[in-house]
Protein chains: 2
Amino acid sequence: MKSAPTAQFLEMEERCFLIDCGEGTQVQLRKAKAKFSKINHIFISHLHGDHVFGLPGLISSFRLLGRETLLHVYGPKGIKEMMETIFRITETHQGFEVVFHELSSKKSEKVFEDNRVEVFTIPLDHRIYCNGYLFREKPKERHLNMQEISKYPEIEICDYHNLKRGKDIQLSDGYILKNENLTKPAEPSVSYAFCSDTRYLESIIPIIKNVDVLYHEATFLHDLKKMADYTGHTTALEAAKIARKANVKKLILGHFSNRYNDLSVFLNEACEIFPETYLPEQLEAVKI
Amino acid sequence: MKSAPTAQFLEMEERCFLIDCGEGTQVQLRKAKAKFSKINHIFISHLHGDHVFGLPGLISSFRLLGRETLLHVYGPKGIKEMMETIFRITETHQGFEVVFHELSSKKSEKVFEDNRVEVFTIPLDHRIYCNGYLFREKPKERHLNMQEISKYPEIEICDYHNLKRGKDIQLSDGYILKNENLTKPAEPSVSYAFCSDTRYLESIIPIIKNVDVLYHEATFLHDLKKMADYTGHTTALEAAKIARKANVKKLILGHFSNRYNDLSVFLNEACEIFPETYLPEQLEAVKI
């Protein structure tokens with residue numbers, strides 16, 4: 001049931017997010033040459049050691065590196081007490097503020113939003129209170145088609161903002177110029193869902209519907225379905241079912257029990273249900 | 001001022017001790033193929049992250065490996081509250097008992113003793129309450145010289161115990177057989193002193209006098225003496241002075257600041273004062 005500690009570094013619209021922080025995360029981040037100091041938001045799924053025991057060390061290292069920027073940590077109720085006890089007893093005095101956002105709702109909620117990205121919780125079903133996280137880029141602005149726009153001297157620079165947001169333009173004679181004739185499509189907005197650790201749970205499907213990439217734990221193969229249920233985990237076959245029902249584009253499996261030496265068995269089992277399944281190599285940067 | 005997390009695995013008289021437990025210790029122990037599950041006593045010098053943040057993960061792993069044996073943890077006051085808070089919030093329920101021995105004395109004290117080994121604290125001077133530890137094998141039994149013993153039929157098996165412990169034998173005619181004529185010397189009793197983190201501190205000299213191996217931190221070279229004092233650390237030159245004044249057999253330096261790429265400078269500085277100085281390679285097993 002033991003797997004390597006979990007941590008994922010997600011870069012989205014120039015924001016750097018860390019999802020979970022198992023022991024040794026800071027070493028892995030350095031090896032992967034991730035933009036360590038640009039992490040301003042850390043999302044912890046649940047308070048089991050393999051998902052959170054790297055957090056005290058990471059925060060200490062931020063301090064040693066002279067960090068001054070506010071750090072936001074999202075995680076289950078209890079994370080604040082645990083971290084503040086550790087900071088107090090180890091006399092760790094950050095030169096920066098750590099704001100803990102404690103979660104206890106069993107419904108999906110928006111936990112972060114800025115002008116380009118939103119993050120929602122995905123309530124999961126594990127042995128301990130646990131959330132996945134959905135990262136969603138907001139709709140992007142359409143690109144102005146200057147060649148077309150220049151044909152209508154009546155369109156002014158102050159109209160560009162509305163055009164980029166997809167609005168039509170009404171000329172003074174009442175004629176309506178369709179937006180799609182004056183602009184080119186925006187870049188697609190990417191979405192990423194992280195679901196670990198959890199039993200097979202269909203209630204997550206509407207939340208993660210159509211995401212570009214779903215990371216879903218698959219601790220066991222389906223012949224150990226009973227063990228998966230007992231320990232609060234999912235099988236590869238079940239993760240693939242979730243991916244298919246949610247109509248995601250790609251599925252990445254992870255959190256494999258260390259009883260398996262050859263991980264291709266996970267891929268084989270999942271691909272029968274959902275062919276667009278991938279195994280992550282540790283530290284591999286996955287570009288969506 | 002940052003160095004790699006500290007942890008040392010010490011095997012003495014078939015006992016396995018762990019000294020300090022920085023983040024990632026369990027991974028390093030596995031890499032070094034140390035007798036992981038045989039660790040029954042963990043000694044923590046001080047509650048800074050690089051010396052203790054690996055402890056929650058190590059204890060969790062013990063649980064996952066099905067450990068049932070009592071575990072003793074020795075460390076500064078506060079370690080119990082910190083660890084128990086972590087266990088409670090992460091819902092880590094060991095199948096074995098962890099006994100915390102909290103230390104707060106500023107005088108050296110015996111913290112562990114069994115029939116073959118004793119462990120004493122070495123009060124140090126760091127930014128936070130800190131102890132080194134002295135591990136000392138008890139005097140061993142002398143070996144019976146059966147060739148000599150057999151010349152005296154009057155010596156019985158029940159005398160062997162006293163002979164092994166160095167006592168002379170008085171024959172019934174009053175003649176005294178000298179122990180050294182009936183036995184061969186015992187194996188030497190080995191001692192090891194661990195001193196980290198600390199400023200240069202002469203009060204440790206009587207405690208570590210004549211030890212076989214002294215591990216002493218040397219975070220800086222002596223040109224950064226002011227920095228060493230300010231941050232509560234020792235220079236290589238100072239560690240060598242301590243080794244010389246304590247008449248130890250070997251000195252091992254460690255806890256180097258990561259500002260130094262080439263560690264041979266530490267060896268050069270220390271060897272001028274104390275030639276029997278060594279650098280540990282990480283994970284290298286040092287046989288005393």
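Residues numbered from 1 in each chain as written. Chains lettered and ligands numbered in written order. Predicted model: local features only at pLDDT ≥ 70, side-chain atom pairs only at ≥ 80, totals over all residues. Heavy atoms only, no water.

Q: Describe the overall build of chain A, naming the residues involved and giving the relevant values.
A: Counting secondary structure elements, chain A contains eleven helices and 16 strands. Dimensions of chain A, computed from C-alpha atoms along their principal axes, come out at roughly 70 × 50 × 35 Å. The buried share of chain A, reckoned over its 288 residues, is 51%. Long-range contacts, defined here as pairs at least 24 residues apart, represent 65% of the contacts in chain A between residues at least 6 apart. Accessible surface for chain A amounts to roughly 13,900 Å². Of this, 50% is attributable to carbon and sulfur atoms. Counting 38 positive and 40 negative side-chain charges, chain A places the averaged centre of each group 1 Å from the other. (Helix = DSSP H or I, 4+ residues; strand = E, 2+ residues; numbered from the N terminus. Buried < 20%, exposed > 50% of the residue type's maximum accessible area, 1.4 Å probe, protein only. Contact = heavy atoms within 4.5 Å. Areas by Shrake-Rupley, 256 points an atom, 1.4 Å probe, with all protein chains shown as cover. Lys, Arg positive; Asp, Glu negative; His and termini not counted. Charge placed at Lys NZ, Arg CZ, Asp CG, Glu CD.)

Q: An account of the side chain of A:T25 is requested, with residue identities and associated values reported.
A: Looking at the secondary structure, you find A:T25 in helix α1 (residues 25-31). Taking the relative accessible area as the measure of exposure, A:T25 reaches 3% and is therefore buried. Separated by 2.5 Å, the side chain of A:T25 and the backbone oxygen of A:G22 make a polar contact. Setting aside residues no more than four positions away along its own chain, A:T25 makes contact with A:T6, A:A7, A:L18 and B:E23. (Polar contact = N/O pair within 3.5 Å; in protein donor to acceptor, adjacent residues only side chain to side chain.)

Q: Could you give me a rundown of the state of the cysteines, with the residues and numbers involved?
A: Residue and element names in this part refer to chain A. Summed over the entire model, instances satisfying the criterion amount to zero disulfides over all chains. Free of any disulfide, C130 has its nearest cysteine sulfur in C195, 9.1 Å distant. For C130, a relative accessible area of 2% translates into the label buried. (Disulfide = S-S within 2.5 Å.)

Q: Tell me about helix α3 (residues 55-64) of chain A, and name the residues and values.
A: A large share of α3(A) lies buried, amounting to eight of its ten residues. Restricting attention to buried positions, one finds in α3(A) the residues A:L55, A:P56, A:G57, A:L58, A:I59, A:S60, A:S61 and A:F62.

Q: Go over the relation of the copies chain A and chain B, please, and point to the residues and values.
A: It takes a turn of 180 degrees to lay chain A on chain B, together with a shift of 0.1 Å along the axis; the resulting RMSD is 0.1 Å. Both copies are brought into coincidence by an operation consistent with a two-fold rotation axis. Scanning chain A for the C-alpha nearest the rotation axis identifies A:G24, at a separation of 2.8 Å. Here 100% of the contact residues of chain A are again contact residues in chain B; the copies associate through an equivalent surface. (Least-squares fit on C-alpha atoms with pLDDT ≥ 70 in both.)

Q: Requested: an account of the side chain of B:H51, with residues and values cited.
A: All names here are of chain B. Along the chain, H51 falls in helix α2 (residues 49-52). Relative accessible area serves as the criterion here: at 0%, H51 is assigned to the buried category. With residues near it in sequence (within four places) discarded, H51 still touches T6, D20, C21, G22, I44, S45, H46, S196, D197 and H255.

Q: How would you summarise the pairing of strand β14 (residues 213-217) of chain A if you had to cite specific residues and measurements?
A: On any regular strand, side chains alternate: one points to one face of the sheet, the next to the other face. All names here are of chain A. Most of β14 sits inside the fold, with five of its five residues counted as buried. Burial of β14 is two-sided: the residues V213, Y215 and E217 facing one way and the residues L214 and H216 facing the other way are all buried. The pairing of strand β13 (residues 191-195) with β14 spans four bridges and is parallel. Residue pairing in the sheet places F194 in a bridge with Y215 of β14. With five bridges joining them, β14 and strand β15 (residues 250-254) adopt parallel strand pairing. The partner of L214 across the bridge, within β15, is L251. (Pairing = 2+ DSSP bridges.)

Q: Help me get a handle on the UniProt feature "binding site: Zn(2+) 2" (unreviewed entry) in chain A, residues and values and all.
A: Residue and element names in this part refer to chain A. With numbering aligned to this structure, UniProt lists the feature "binding site: Zn(2+) 2" (unreviewed entry) at D50, H51, D197 and H255. A maximum C-alpha distance of 10.7 Å is found for the annotated residues, which run over 206 residues; spatially they form one tight group. The residue D50 is located in helix α2 (residues 49-52) in this model. Along the chain, D197 falls in the loop between β13 and α8 (205-208). When near neighbours in sequence (up to four residues on either side) are disregarded, D197 contacts H46, H51, L124, H126, C130, E217, G232, H233 and H255. Of note is the side chain of D197, whose polar atom sits 2.6 Å from the side chain of S196. (UniProt positions renumbered as here; feature names shortened; annotations may be inferred.)

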